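Residues per chain, in single letters:
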Amino acid sequence: MMALLDDTHDPTLESWIESANDSNTDFPIQNLPFGRFRRAADMDWRIGVAIGDQILDLRRARLISGYDMNQLMSLGREAQRALRLAISQGLRRGSAQQPEWEEREALVASASVEMALPCQIGDYTDFYTSIHHATAVGKLFRPDNPLLPNYKWVPIGYHGRSSSIIPSGTDFRRPLGQTRAADATVPMVGPSRRLDYELELAALVGKRNPLGEAVPIGEAEEHLFGLALFNDWSARDIQPWEYQPLGPFLSKNFASTLSPWVVTLDALAPFRVPYQRPAGDPDPLPYLDSKANREAGAFDIMLEVWLQTAAMRAAGSPGERLSRCNYRDAYWTLAQLVAHHTVNGCNLQPGDLLGSGTLSGPQPDEAGSLLELTAGGKRLIELANGESRSFLEDGDKVSLRAFCERPGARRIGFGECAGTVLPASTTVERR
Ligand code: CA
C-alpha cells in the first residue's frame, strides 16, 4: 500500500491531447480514470479512459481486446499498473502511437458520447466512516450520547441494494413511503418531504477473494480498483420510522447516483496521507492496523456539494456550493474497510461497491448532508438568489465534485456526479 510513485505521476508530463494540459482539467495525463461509454444508442458500451475533454477507446487503441470492465477490474493491481503505463506512454507528447491512434479514431469527444455506470455493480455495502457525520447525526437523536460505543472499534456498515444505483445525469422521482409525524399515532404513505443527498465516495472492488478467506490489511488495497463519487439519496422522514431494528431500507434504495469515472488508487498515490486517530482514542484491533496503513492509508481528496435549483437553472446560474470537506478526515481507511468486510470470510467480487458513508468534516459547514447543515431541517439554508432550503425540492439538481491538489503533484479531479429530483409519482395517492 506504500505510495508507488512512478513516471506516470511526473507533474511535468504533457499530452498531445491539448485539453489535457489545461491546468483546470480534472483529467490530465497523470489521472487516466476508467469508464464505459458508447458513441450511439445502437453501439456497444466500450471501456474508455478520460483525457482532457476526450476519451481514449482502449479497444480501438489496441490496448485491450474486450469490452468487459468487470473482467478488466478483476485482473489485479499489477496488470492495471502495466495498462496505466501503456496508456500514459501512448498519450504523451511525441508518442509513437499518436498517428496510429488518430488513424483508428481511438479518441472521441466526451461531449459526444453517453456514459454508463463504470461497471456492472455487484453487491453494495454502505459504511459510516465519517466520525463527524456519525456524531452530528447522533446528536440529533441522542444529544447526551451521540456516538454509540462500537463506533471506534467496528467499521459500521449495512448491505444496500445495487439495482437502483444509477449513472450520473439520470433524473429520478421523489420517493413515496411510509412516515409518521411526531404527534401522530398512525403513519401515512405519501411523497417524502425530507429528501436529502449524501456526499460519499464509492470504492469499487477489483480482484475477488474466495469465500472463507479473509483479506489481511496488508493486501486489502490489491482488491480495490479505484474511487468514484457517490450520492446516496436519502428520505429523512421515511428513515426514522423504518430503521429500527434492522437498519435503513426504503429510505435509501430508491436511487443512488454514481459518477462515470473511476479514479484508480494508482492515480491517487501522490495524495496519500498518514492515518491518525485523535489522542486518547483506542488503537484499532490488530487485523485493522498496520504500519503502512498508519503511514499512508488515508487520502487527501477535497469534496464539494453543489446545488442548482430550477430557478437558478432558468436564470442561467451554474448553482451554488453548499459545502466542502476532505476525505482525509474519515475515521476508517479503505484498507480497513476491506479487511473488516472479509474478516468473517465474506467474499468480495469484481464490481462490488463499498460506500464510504456520508463524508463530513470537523466543522459544521463541512457537513455532507442537508440533515446536518440544517440541524434536522430546523435551520434554513439561505441561497444567494433569495431562495432557501431545508430539504430538496422538485427540480433541484445536486452535483458532487472532488479533486486532489498538493505542491509537487499535478492536480487531478473526479468529474461530476449529478442528479435532478423529479416530482413524485401520484400512483399511490390515486388508489
Ligand atoms: Ca449512505
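None of these values were measured; they are calculated from a predicted model.

Quick notes on the overall build of the protein chain
Broken down by element type, the protein chain carries 10 helices and 26 strands. Against the 2.2 N^0.38 benchmark of 22 Å for 431 residues, the protein chain shows a C-alpha radius of gyration of 22 Å, consistent with a compact globule. Considered along the principal axes of its C-alpha atoms, the protein chain spans approximately 70 × 55 × 40 Å. Going through the 431 residues of the protein chain one by one, you find that 55% of them count as buried.

Re the pattern of salt bridges
Considering all chains together, one arrives at 27 salt bridges under this definition. Between Arg-77 and Asp-266 there is a salt bridge, and its shortest N-O distance comes to 3.0 Å. On the criterion of sequence distance, the pair formed by Arg-77 in helix H2 (residues 77–91) and Asp-266 in the loop between strand E17 (263–264) and strand E18 (272–273) is long-range, its members being 189 residues apart. Per residue, the accessibility class of Arg-77 equals that of Asp-266, and both read buried. The network of salt bridges with shared partners includes Arg-39, Arg-46, Asp-57 and Arg-60.

Comments concerning the environment of Leu-246
Tracing the backbone shows Leu-246 in the loop between helix H5 (238–242) and strand E16 (256–258). Residue classification places Leu-246 among the exposed positions, given a relative accessible area of 82%. Each C-alpha atom, one on Leu-246 and one on Arg-77, is 36 Å from the other, the two residues being 169 residues apart in sequence.

Considerations on the nonpolar core
Counting 67 residues, the largest nonpolar core has Leu-268, Ile-301, Leu-303 and Phe-414 as the members making the most contacts within it. Ranked by residues supplied to this core, first place goes to helix H8 (residues 334–342) with 5 residues. Residues within four places of Leu-268 in sequence aside, it is in contact with Leu-227, Val-263, Phe-299, Ile-301, Cys-404, Ile-412 and Phe-414. Leu-32, Ile-51, Leu-91 and Leu-107 belong to the second largest nonpolar core, which has 36 residues in total.

Comments concerning the sheet that holds strand E20 (residues 302–308)
Within a sheet, neighbouring strands are paired by backbone hydrogen bonds and run either parallel or antiparallel to one another. Pairing within the open sheet is mixed, and its 5 strands lie in the order E9-E26-E25-E20-E21. A strand with exactly one partner marks an edge of an open sheet, and here the two such strands are strand E9 (172–173) and strand E21 (320–326). Pairing analysis gives 7 bridges linking strand E25 (residues 397–404) to strand E26 (residues 412–422), with the strands arranged antiparallel. Bridge pairing in E26 links Cys-404 to Ile-412.

Observations concerning the coordination of the calcium ion
Bound to the calcium ion are the protein donor atoms Asp-126 (OD), Glu-198 (OE), Glu-200 (OE) and Asp-232 (OD), situated 2.2 to 2.3 Å from the metal. Mapping the donors of the calcium ion onto the primary sequence gives the spacing D-x71-E-x1-E-x31-D. Of the two residues, Asp-126 is situated in strand E6 (residues 124–127) and Glu-200 in strand E13 (residues 199–205); the sequence distance between them amounts to 74 residues. By the burial criterion, Asp-126 is buried, and Glu-200 matches it.

What about the environment of Ser-290?
Mapping Ser-290 onto the fold places it in the loop between E18 and helix H6 (291–296). Judged by its relative accessible area of 16%, Ser-290 is buried. Distance from Ser-290 to Val-343, taken between C-alpha atoms, is 15 Å for residues 53 residues apart in sequence. A polar contact is formed between the side chain of Ser-290 and the backbone nitrogen of Asn-293, at a distance of 2.9 Å.

A few points about the domain arrangement of the protein chain
Reports often express the size of an interface as the amount of accessible area lost when the parts come together. Domain assignment breaks the protein chain into domain 1 (7–115) and domain 2 (124–430). If you average the C-alpha positions of domain 1 and of domain 2, the two centres end up 28 Å apart. The partner domain 2 presents 29 residues to the 30 residues of domain 1 that form the contact. Summed over both sides, the interface of domain 1 with domain 2 buries roughly 2400 Å², with 58% coming from carbon and sulfur. Considering only the surface of domain 1 that becomes buried against domain 2, Phe-34, Met-73 and Arg-77 emerge as the three largest contributors, covering 28% of it.

What counts as what
- Residues numbered from 1 in each chain as written.
- Predicted model: local features only at pLDDT ≥ 70, side-chain atom pairs only at ≥ 80, totals over all residues.
- Heavy atoms only, no water.
- Helix = DSSP H or I, 4+ residues; strand = E, 2+ residues; numbered from the N terminus.
- Rg over C-alpha atoms; globule rule 2.2 N^0.38 Å.
- Buried < 20%, exposed > 50% of the residue type's maximum accessible area, 1.4 Å probe, protein only.
- Salt bridge = Lys/Arg side-chain N within 4 Å of Asp/Glu carboxyl O.
- Core = buried A, V, L, I, M, F, W, Y, C linked by side-chain atoms within 4.5 Å.
- Contact = heavy atoms within 4.5 Å.
- Pairing = 2+ DSSP bridges.
- Donors = N, O, S within 2.8 Å, 3.2 Å for Na, K, Ca; no water.
- Polar contact = N/O pair within 3.5 Å; in protein donor to acceptor, adjacent residues only side chain to side chain.
- Domains from an automatic or database assignment.
- Buried area = accessible area lost by both parts, 1.4 Å probe.

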